[in-house]
Amino acid sequence: MASIFQGIGAATAISSSTSFDSKKLIFSAPRFHLEKKGSFLVVRSDGKMSNGISGRAEKLVTNAVAAKADAPAASTTSKSGHELLLFEALREGLEEEMDRDPRVCVMGEDVGHYGGSYKVTKGLAPKFGDLRVLDTPIAENSFTGMGIGAAMTGLRPVIEGMNMGFLLLAFNQISNNCGMLHYTSGGQFTIPVVIRGPGGVGRQLGAEHSQRLESYFQSIPGIQMVACSTPYNAKGLMKAAIRSENPVILFEHVLLYNLKEKIPDEEYICNLEEAEMVRPGEHVTILTYSRMRYHVMQAAKTLVNKGYDPEVIDIRSLKPFDLHTIGNSVKKTHRVLIVEECMRTGGIGASLTAAINENFQDYLDAPIVCLSSQDVPTPYAGTLEEYTIVQPAQIVTAVEQLCQ
Amino acid sequence: MATWFLKSRSVLQCVKTRAGLHQIICNRSLKGASLHSKALQLEDDLDYSENEAWYFPGGAVPFTSKINFIADSSEERIHCYRVLDNSGHHMLSNTSKLISKELAVQLYSSMVTLQMMDTVFNEVQRQGRTSFYMTSHGEEAINIASAAALSNEDIILPQYREHGVLLWRGFSLQEFANQLFANKADKGKGRQMPMHYGSNKHNYITVSSPLGTQIPQAVGVAYSLKMEKKDACVVTYFGDGTTSEGDFHAGLNFAAVLEVPVIFFCRNNGWAISTPVTEQFRSDGIAVKGRAYGIPSIRVDGNDALAIYDAMQEARKIAIKEQKPILIEALTYRVGHHSTSDDSTKYRAREEIEQWKADRNPISRYRNWIEGNGWWNEEQESTLRGSVRKQLMNAIGVAEKAERPALTDLFADVYHDMPTNLQEQERSLTETIRKHPQDFPSGFAVASQI
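Along every chain, residues carry numbers that run from 1 in the direction the sequence is written. The lettering of chains begins at A and the numbering of ligands begins at 1, in the order of writing. Residues qualify for local features only when their pLDDT is at least 70, as the model is predicted, and side-chain atom pairs are given and counted only at 80 or more; totals for whole chains, interfaces and linings, by contrast, use all residues. In computing side-chain properties, one takes all heavy atoms of the structure into account and sets aside hydrogens as well as water.

You'll find chain B entered in an unreviewed UniProt entry as 3-methyl-2-oxobutanoate dehydrogenase (2-methylpropanoyl-transferring), with Daucus carota subsp. sativus given as the organism. UniProt positions are given in the numbering used here, feature names are shortened, and annotations may be inferred rather than shown by experiment. Its UniProt record gives chain B a comment under Subunit (unreviewed entry), which states: "Heterotetramer of alpha and beta chains."

Chain A carries the name pyruvate dehydrogenase (acetyl-transferring) in an unreviewed UniProt entry, which gives Daucus carota subsp. sativus as its organism. On record in UniProt, under Subunit (unreviewed entry), the comment for chain A is "Tetramer of 2 alpha and 2 beta subunits."

**Student:** Run through the overall build of chain B, naming residues and quoting values.
**Tutor:** When helices and strands are tallied, chain B shows 15 helices and 9 strands. Relative accessibility under 20% of the residue-type maximum defines a buried residue, over 50% an exposed one, and the middle range a partly exposed one, all with a 1.4 Å probe and only protein chains included. For chain B, the residues scored as buried account for 50% of the 450 residues in total. For chain B, the exposed surface amounts to about 22100 Å²; the carbon and sulfur share of it is 53%. By definition, any uninterrupted DSSP run of H or I lasting at least four residues is a helix, any uninterrupted run of E lasting at least two residues is a strand, and each is numbered from the N terminus. Here the open area of atoms and residues is found with the Shrake-Rupley method and a 1.4 Å probe, where only the protein chains shown may cover a residue.

**Student:** An account of the interface of chain B and chain A is requested, with residue identities and associated values reported.
**Tutor:** Two residues qualify as a contact provided that any one of their heavy atoms is within 4.5 Å of a heavy atom in the partner residue. Each partner contributes residues to the interface: chain B has 45 residues there, and chain A has 44 residues. Two parts placed together each lose some accessible area under a 1.4 Å probe, and adding up what both lose gives the buried area. With both sides pooled, the region where chain B packs onto chain A buries about 3700 Å², and carbon together with sulfur makes up 65% of that total. Taken as a group, Tyr223(B), Phe254(B) and Tyr415(B) account for 18% of the area that chain B buries against chain A, more than any other trio of residues on that side. Salt bridges are counted wherever a side-chain nitrogen of Lys or Arg sits within 4 Å of a carboxyl oxygen of Asp or Glu. Scanning the region where chain B abuts chain A turns up 0 salt bridges. As used in this structure description, the phrase polar contact means that two N or O atoms lie within 3.5 Å; if the pair is within protein, one of them must be able to donate a hydrogen and the other to accept it, and residues adjacent in sequence are counted only when both atoms belong to side chains. The tally of links between chain B and chain A comes to 16 residue pairs in polar contact (both at pLDDT 80 or more). It is helix α7 (residues 214-227) of chain B that provides the largest number of residues to the side of chain B that touches chain A, a total of 9 residues. Put simply, Ala, Val, Leu, Ile, Met, Phe, Trp, Tyr, Cys and Pro go in the nonpolar bin, Asp, Glu, Lys and Arg in the charged bin, and everything else, Gly too, in the polar bin. Partitioning the side of chain B that touches chain A into residue classes produces 19 nonpolar, 17 polar and 9 charged.

**Student:** Hey, could you go over the nonpolar core for me, with residue numbers and the actual values?
**Tutor:** Ranked by internal contacts, the top residues of the largest apolar core, which has 79 residues, are Phe217(A), Ile356(A), Tyr223(B) and Phe264(B). Here this core gets 8 residues from one element, more than from any other, and that element is α7(B). In contact with Phe217(A), not counting residues within four places along its chain, are Leu167(A), Phe171(A), Ile174(A), Ile223(A), Met225(A), Ile249(A) and Phe251(A). In these notes, a set of buried Ala, Val, Leu, Ile, Met, Phe, Trp, Tyr and Cys residues joined through side-chain atoms within 4.5 Å is what counts as a nonpolar core. Grouped together as the second largest cluster of nonpolar side chains are 74 residues, Leu84(B), Ile144(B), Met312(B) and Trp369(B) included.

**Student:** Quick rundown of a nonpolar patch on the surface? Include the residues and the values.
**Tutor:** Residues and elements named next belong to chain B. Patch definition: residues with relative accessible area over 30% and no salt bridge; like charges joined within 9 Å; nonpolar side chains (Val, Leu, Ile, Met, Phe, Trp, Tyr) joined within 5 Å. Taken together, the side chains of Trp54, Phe56, Val61 and Phe63 present a nonpolar region at the surface, about 370 Å² in accessible area. Examined against the element boundaries, Val61 turns out to sit in strand β2 (residues 59-62). Classification of Val61 by relative accessible area gives partly exposed; the value is 36%.

**Student:** Help me get a handle on helix α12 (residues 348-360) of chain A, residues and values and all.
**Tutor:** Expected helix span is given by 1.5 Å per residue-to-residue step, counting one fewer step than there are residues. Between its first and last C-alpha, α12(A) extends 17 Å over 13 residues, near the 18 Å set by a 1.5 Å rise per residue. For α12(A), the set of buried residues is Ile348(A), Gly349(A), Leu352(A), Thr353(A), Ala355(A), Ile356(A) and Phe360(A).

**Student:** With reference to specific residues and values, describe the side chain of Asn183(B).
**Tutor:** Residues and elements named next belong to chain B. Looking at the secondary structure, you find Asn183 in the loop between α6 (173-181) and α7. For Asn183, the side chain forms a polar contact with the main-chain oxygen of Ala399, separated by 3.1 Å. In this view, Asn183 contacts Asn178, Gly190, Ala399, Ala402, Glu403, Arg404 and Pro405; residues no more than four positions away in its chain are not counted.

**Student:** I'd love a proper account of the packing of helix α5 (residues 140-152) of chain A against helix α8 (residues 246-258) of chain B, names of residues and values included.
**Tutor:** Angles shown run from 0 to 180 degrees and are taken between the N-to-C directions of axes, each axis being a line fitted to C-alpha atoms and, for helices, limited to the stretch in contact. The contact between α5(A) and α8(B) brings their axes to 9 Å, and the two run at 65 degrees. When the axes of α5(A) and α8(B) are compared, the crossing they make is right-handed. Contacts between α5(A) and α8(B) pair Asn141(A), Ser142(A), Phe143(A) and Met146(A) from the former with Asp247(B), Ala250(B), Gly251(B), Phe254(B) and Leu258(B) from the latter. Class assignment of the residues belonging to the contact of α5(A) with α8(B) gives a composition of 5 nonpolar, 3 polar and 1 charged. Left-handed describes a crossing in which the near helix is turned anticlockwise from the far one by less than a right angle; the clockwise case is right-handed.

**Student:** Tell me about the state of the cysteines, and please be specific about residues and values.
**Tutor:** Note on disulfides: each one is a pair of cysteine sulfur atoms within 2.5 Å. This structure, assessed with the given rule, holds 0 disulfides over all chains. Free cysteine Cys342(A): the closest other cysteine sulfur is in Cys370(A), separated by 8.9 Å. For the unlinked cysteine Cys233(B), the closest cysteine sulfur is that of Cys266(B), found at 17 Å. Among the residues examined, Cys233(B) registers a relative accessible area of 0% and is labelled buried.

**Student:** Help me get a handle on the UniProt feature "domain: Transketolase-like pyrimidine-binding" (unreviewed entry) in chain A, residues and values and all.
**Tutor:** Mapped onto this numbering, the UniProt entry gives "domain: Transketolase-like pyrimidine-binding" (unreviewed entry) at residues 84-259 of chain A. Annotated as residues 84-259 of chain A, this span is 36% helix and 18% strand, and its ends, taken at the C-alpha atoms, are 8 Å apart.

**Student:** Kindly report on the pairing of strand β6 (residues 224-227) of chain A, identifying the contributing residues and their values.
**Tutor:** All names here are of chain A. The two faces of β6 match: Gln224 and Val226 on one face and Met225 and Ala227 on the other face are all buried. Should DSSP find at least two bridges between two strands, the strands are regarded as paired. Two elements, β6 and strand β7 (residues 248-253), share 4 bridges in a ladder whose sense is parallel. Bridge pairing in β7 links Val226 to Leu250. With the strands aimed away from the viewer, a crossover counts as right-handed if its path from the first strand over the helix to the second runs clockwise. For the segment spanning β6, helix α9 (residues 231-243) and β7, crossover handedness is right-handed. Of the strand pairs in this sheet, β6 and strand β12 (residues 317-319) are connected by 2 bridges, and their pairing is antiparallel. By the bridge assignment, Met225 is partnered in β12 with Lys319.

Okay, structure coming up:
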């Protein structure tokens, strides 16, 4: 029973010897059930899905080191759906929304004919024109402000920061205006912008290009923050963010753009406020997001071999937290491990630890453990950089200690 | 001989080149990718001597063999457009079209209303009944005349000393008072400090305190007008001090590159709290900066209502027809203090203030003109002032006694729909107030459904 509902991801994670045979069963049976219910391929915009039906899209990446573009997608017997890379999924979502609503526009540096520094906007300028896919001069605070102004008068801009770190220059507009003007104007002006861009620690990009801006932005009232981690949720979150009336910051990760996955042909949207159950389990709740999800899944492989049954949740919604999904998990496992890329001080993990302690204190059998990067600027040297990121081995050790 | 031949040929070529390059550059703006990538490529079919000039994006650049630094300032400052002389007489050499009597009188009564409103509301703060106020004394002409030249479809992004624009558009004295007292009827629902007015009905975007943030936003608004091909423009106001902010420079640059219909209106009133313009910049004011960004600019007498009206009308025409930004610098003086938290006599001479108040008063100057035309007299003056005073007192009385915003207004509008975490916080706060009502302000309305 559990194996069916765990979906394909769990099948491949368990062991290869059984995966071939069980794959047939696993793929066809839930698909049959779920297609009937209509909730496999289509997630409604309010994100309601039956609990227990999970792992539909997390089936594909077995290799936790997401940077490898040639990580074989777990083969699927599904005939429909199409395979693409994460950055293409983002583009597909963006393009669909631009087709659907003429008010959606894109602005940022080199997003036009250059196609964006990570090619998310490639092909959009020739299709929609230079005005709707706008190349701006280099002034982040100013083009963010521009997006806010355009939003207040009816457009739905998608603002791209070439690297999330550069959006620190736009902090004033994001904090004092984007997050606030709906409130301070007494609800008269709405700001339905999407601010997106690549962030996180890459491969030797240096300190200023390795920022985790979710730490700095999480306090700003009035904004929502989501982090995508798979092509499936990247497209779904992009579409949801554009349709939202609130300003949404969509965090992408530099190393995840070449992830490959097969996503549905039908239109779908992911819920902005919902966490994603990656791997149901019984022993410990591991909360993570973005690239660390893959380190966690790699550690999960090892843990399963050692006899542990971790429940892995990709929290996806960084502001607000999906305390419903998280709470249900904590009530089941009673142990929490948070794995993040943020720095120890003031990161998402810090806030999440506080929120769980506050709300689910009674259900915890052990103090929450939070694995984060250290409070240091990310060094350039490869070895040093690797030390600042939580590695699968640390995750395994932490779970072992937590489950003693 | 060879040199002469070379020179004359190249002069011809330069002209041809300039025309040809101009065409190419025009074609390049907002067109397809094919021309984009050739932005800096050398044109090989142009036949000019590379010793005389060379092609660089923007046009042919002639060479010179003299080291010559462009001076940091011109010998003559940029001229200032005015229609009325110091005593309010229409300068005959002026090209302005005369406005109708009706409009002229309307302009005057609005300026007087603004002046009285500022005086009274300022007093109310001094009495401790409100917390803060900023007057626009000395800048009434800028406020009213600039607004009068616009249509109601034009969108305004103010700084904070342009409430006269909102007054002209129909925001009532009662609505102003409501905002100052932050009562339930305030359009901003009591969330912003005084002077931070906003009204989507009047196309006046809510004031945000940090300086200059409205400038790039104005470009964004203009961009949306351009996309929708609306017959309207955007006007954003700011003071001399704000032109030092990064957003000013980037905003002007963007507007020029994007070719959007936005009017940048700078109220150069000489002071940024205690910083005089001599310590704010070293350029010839603001108008000179327009050229640096490729924006047409004009300097006007900010205390001459007719000059402002003219300039704004013209600017609006160009902005919309040619889809390009305009920069207007209005020279004026901040007669009042920066705000009620400031005492400007601490950093400037009283005589200076008095001089501008008496000798260069925009309202009395304009009054001379309309009285000179037989359109106004003392009787009308006292009737107007009496009526405005009464309305003000009434509005203040009503606003002061009005109900304060309910608790639910604390949590609403942070997001489009209230998320669960805020609902939880609202519940928690309501509970606390119910348990300890003596610790909270009385008359603090709690939403009944919680």
